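# Descriptive analysis of the structure
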Amino acid sequence: MLSDRLKHVRPGLALALLTLLFGIFLGIAFGSNEDSIKDGIKSQVRAHAELHKSINRSSDRIWRYQQRAHFHATGIGAFTLGLMLLLAFTGMRPWLKMLTSLPIGLGGVYALGWFNLYRLSPGMGTEAAHHAFATEAAVYLGVGGLLLGMALLILNLLFGVGNARAQ
């Protein structure tokens, strides 16, 4: 039964679905408020003009950061959702499936790095926002988690590492 297969990957599945929802809600916000979002970015950049070489260039760049948060959230969310389904059907031990699902699901945190750039850049400047702790933590946690989880999944699929013993 499908629900039996999915029960061990629920933590990662929940993270993948949250990542997808985040991306979808960003898309809805763009569709309904794009001009006001862009105007808000530009006014925030103007308020901190000393941190930006060009108001228009920085505003466009910061708007792009928010778009990248949307693109990465929906892309990584869909990708990790597919990996969860693949993981659910492996012969991996149940506890290891759960353990593997978490870092794969955390891959979506990468999109928060882009969102953090969007939030921090107007008041800090784009370079400082890139090196902010929250930005770097989201990038390393997202990418590192995804790579770790995928490595465990690949090791299982190719070499049977972590397979449940036959009864």
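If you tally the helices and strands in the protein chain, you get seven helices and zero strands. From first element to last, N terminus to C terminus, the protein chain shows the α and β order α-α-α-α-α-α-α. Taken over C-alpha atoms, the radius of gyration comes to 19 Å for the protein chain, far larger than the 15 Å a tight globule of 167 residues would show. A principal-axis box enclosing the C-alpha atoms of the protein chain has dimensions of 70 × 30 × 20 Å. In the protein chain, buried positions account for 40% of the 167 residues. Considering only contacts in the protein chain between residues 6 or more positions apart, those separated by 24 or more positions represent 76%. Total accessible area on the protein chain is roughly 9,200 Å²; 65% of this is exposed by carbon and sulfur atoms. Side-chain charges of the protein chain comprise 15 positive and 8 negative groups, with the mean position of each set lying 13 Å from the other.

Right, let's get into helix α4 (residues 94-105). Under the 1.5 Å per step criterion, the end-to-end length of α4 is 16 Å for twelve residues, consistent within 8% with the ideal 16 Å. By the burial criterion, the buried members of α4 are L96, K97, T100, S101, P103, I104 and G105. Where α4 is buried, its residues touch α2 (10-47), α3 (55-88) and α7 (133-159).

Turning next to the environment of V45. Assignment of secondary structure puts V45 in helix α2. Classification of V45 as buried rests on a relative accessible area of 0%. Through-space distance from the C-alpha of V45 to that of S59 is 6.6 Å; in sequence the pair is 14 residues apart.

Let us look at the packing of aromatic side chains. Tallied over the entire structure, the rule returns four aromatic pairs. Between Y65 and W114 the ring centres are 5.8 Å apart and the planes differ by 40°, which places this aromatic pair in the tilted class. In this pair, Y65 is assigned in helix α3 and W114 in helix α5 (residues 109-124), connecting sequence segments 49 residues apart. Exposure class is identical for Y65 and W114. Each is buried.

How each quantity is defined
Residues numbered from 1 in each chain as written. Predicted model: local features only at pLDDT ≥ 70, side-chain atom pairs only at ≥ 80, totals over all residues. Heavy atoms only, no water. Helix = DSSP H or I, 4+ residues; strand = E, 2+ residues; numbered from the N terminus. Rg over C-alpha atoms; globule rule 2.2 N^0.38 Å. Buried < 20%, exposed > 50% of the residue type's maximum accessible area, 1.4 Å probe, protein only. Contact = heavy atoms within 4.5 Å. Areas by Shrake-Rupley, 256 points an atom, 1.4 Å probe, with all protein chains shown as cover. Lys, Arg positive; Asp, Glu negative; His and termini not counted. Charge placed at Lys NZ, Arg CZ, Asp CG, Glu CD. Expected span 1.5 Å × (residues − 1). Phe/Tyr/Trp six-rings, centres within 6.5 Å; stacked < 30°, edge-to-face > 60°.

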